[in-house]
Amino acid sequence: MNTKFNTKAIRTGYRTTTEQEHSEAIFLTSSFVFDSAEQAANCFSKNEPGNVYSRFTNPTVDAFEKKLAALEGAQACVATSSGMAAIFATIMALLKSGDHIVASRNMFGTSIVLLNTIITKFNIDINFVDLSDLSAWEDSVKNNTKLFLLETPSNPLGEVVDIAMLSKISKANHILLTVDNTILSPALQNPIALGADIVIHSATKYIDGQGRCLAGAVVGNVNIIEQVRGFVRTTGPSLSAFNAWIMLKGLDTLSLRMRAHSDNALKLAFWLEAQDQIEKVYYLGLPSHHDYNLVKSQQSGFGGIVSFEIKGGKKSAFKIINATNILSITANLGDTKSTITHPATTTHGRLTDEERLDAHITDGLIRISVGLEDIKDIITDIKQTVV
Ligand SMILES: *Cc1c(COP(=O)(O)O)cnc(C)c1O
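Nothing here was measured: the structure is a model prediction, and the numbers come from that model.

## Topic: the overall build of the protein chain
Here comes step 1: In terms of regular secondary structure, the protein chain is built from 15 helices and 12 strands.
Here comes step 2: Relative to the globule expectation of 21 Å for 387 residues, the C-alpha radius of gyration of the protein chain, 21 Å, shows essentially globular dimensions.
Here comes step 3: By its C-alpha atoms, the protein chain is 75 × 50 × 35 Å across when sized along the principal axes.
Here comes step 4: Here the protein chain holds 387 residues, and the buried ones make up 53% of them.
Here comes step 5: Partitioning the contacts of the protein chain with sequence separation of at least 6, the portion at a separation of at least 24 is 73%.

The structure is reproduced here in structure tokens:
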């Protein structure tokens, strides 16, 4: 039966042990035992299915992988210990020395640092382009280009690229189009349906949704995912069963939460846009967004990230951040708790001044990850800081 999103989110990968528990069990075990030496030999040589060791497979991790693959409309998924591990494993598994990557300049700060300081050590070249500039992507393609890497929408500024159009360019050149879908989650955007080959998640954010653990995932077709799984099982950034269980439970309520985050964020963005001290508001759901039509056609919601630029630069930004009472000063996002961040000195602090300016991360920029508190209270909290 071809079920709908919420049914998949709650029912996929669901199975019980002989104890007939209703909530999925957590298999906290590093290894698995065999009935005989013959069975052990068969499982190790993959002549017989069965779990061997939790760095390779674990039933709780497997349930999470199946559920996320179903929600992204993908054949397969491999879970990792963090979002960064997912990005690193994808690149290391699929590329080799001498290959070339075209990447968006408007990505999570650590993703840029990973490319510039670690991936380049392996003789893999990288060109950065503006996320929305389709001709820049096309013009950067070389004979050895293997991967397009991007986030859409970008964080914190909500830039977007037309995934379907970009996938035409990547397919024509035999390049793997890889989309980090952390900011919207599969509840609000399905890059694979739009032509992406690989989707990456920092499940730490909305998939957990409650700020408890780190996790990551890579989804795509079986051939690609088996290569990434091979890298993960050999090098070790596997997801723990405990964290997989948290993520599994997070997926149950993902679409409800994403809708609530989006509703709250839209209300906050409209309010911010009406304030004099605020120079500019960045939110995908504002009709003033320069790519509003693309956003509406590509996404089924706007998400929870609202950023704004305050007059007076860093001094004013710090003043506002310090004066809030309810919002948490932390760089995490995708939590039930609203968080407030100064990107230039935190998430994007390790970029060079030039890289930061290229990404439009100015000193007066504040990012809010809008949580699930009553939005009237969040607005009141921000209001008392700007008056
Ligand atoms: C947080 C984040 C990452 C990194 O994920 P971790 O789980 O912190 O390793 C990657 N991409 C995006 C878009 C993120 O927000």
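## Description of the nonpolar core
Here comes step 1: Core analysis: the biggest nonpolar cluster contains 32 residues, and Phe64, Leu68, Ile207, Leu239, Met247 and Leu251 have the highest contact counts within it.
Here comes step 2: Among the elements that line this core, the one with the most residues is helix H3 (residues 59-72), at six residues.
Here comes step 3: Each of domain 1 (5-252) and domain 2 (255-386) gives at least three residues to this core.
Here comes step 4: Not counting residues within four places of it along the chain, the set of residues in contact with isoleucine 207 comprises Phe64, Leu68, His201, Met247, Gly250, Leu251, Leu254 and Arg257.

## A closer look at the sheet that holds strand S3 (residues 125-129)
Pairing between the strands of a sheet is mediated by backbone hydrogen bonds and can be parallel or antiparallel.
Here comes step 1: Within the open sheet, the seven strands sit side by side as S1-S7-S6-S5-S4-S2-S3. Their pairing is mixed. With partners counted over all chains shown, the strands left at the sheet margins are strand S1 (76-80) and S3, one partner each. Here the strands of the sheet are splayed against their neighbours by 20 degrees on average, with no regard to which way each runs.
Here comes step 2: Sheet analysis places strand S6 (residues 198-202) next to strand S7 (residues 216-220), joined by four bridges and oriented antiparallel.

## Some thoughts on the site of the ligand
Here comes step 1: In the vicinity of the ligand, the residues found are Ser82, Gly83, Met84, Phe108, Glu151, Asp180, Thr182, Ser202, Thr204, Lys205 and Ala215.
Here comes step 2: Side-chain polar atom of serine 202 to an oxygen atom of the ligand: 2.9 Å apart, as the coordinates give it.
Here comes step 3: Between the ligand and threonine 204, the relevant distance is 2.6 Å, taken from an oxygen atom to a side-chain nitrogen or oxygen of the residue.
Here comes step 4: Here the ligand has 380 Å² of accessible area as a free molecule, and 92% of this is covered by the chains.
Here comes step 5: In this structure the site holding the ligand corresponds to the second largest pocket.
Here comes step 6: Looking at the shell around the ligand residue by residue, the classes come out as three nonpolar, five polar and three charged.

## Thoughts on unusual backbone geometry
Here comes step 1: With an omega of 0 degrees, the peptide bond between threonine 152 and proline 153 qualifies as cis.
Here comes step 2: Looking along the chain, the bond that leaves asparagine 155 and enters proline 156 is cis, with omega of 10 degrees.
Here comes step 3: Here proline 156 lies in the loop between strand S4 (145-151) and helix H7 (163-172).
Here comes step 4: Located in the positive-phi region is glutamine 20, a residue other than glycine, with phi close to 55 degrees.
Here comes step 5: Inspection of the secondary structure puts glutamine 20 in the loop between helix H1 (5-11) and helix H2 (37-44).
Here comes step 6: For lysine 46, which is not a glycine, the phi torsion comes out positive at approximately 65 degrees.

About the criteria used
Residues numbered from 1 in each chain as written. Predicted model: local features only at pLDDT ≥ 70, side-chain atom pairs only at ≥ 80, totals over all residues. Heavy atoms only, no water. Helix = DSSP H or I, 4+ residues; strand = E, 2+ residues; numbered from the N terminus. Rg over C-alpha atoms; globule rule 2.2 N^0.38 Å. Buried < 20%, exposed > 50% of the residue type's maximum accessible area, 1.4 Å probe, protein only. Contact = heavy atoms within 4.5 Å. Core = buried A, V, L, I, M, F, W, Y, C linked by side-chain atoms within 4.5 Å. Domains from an automatic or database assignment. Pairing = 2+ DSSP bridges. Axes fitted to C-alpha atoms, helices over the stretch in contact; angles between N-to-C directions. Near = heavy atom within 4 Å. Polar contact = N/O pair within 3.5 Å; in protein donor to acceptor, adjacent residues only side chain to side chain. Areas by Shrake-Rupley, 256 points an atom, 1.4 Å probe, with all protein chains shown as cover. 1 Å grid on protein atoms, 1.4 Å probe; cavity = no way out; pocket = protein on both sides within 12 Å on 5 of 7 lines; lining within 4 Å. Sits in = over half its atoms within 2 Å of the grid points. Nonpolar A, V, L, I, M, F, W, Y, C, P; charged D, E, K, R; others polar.

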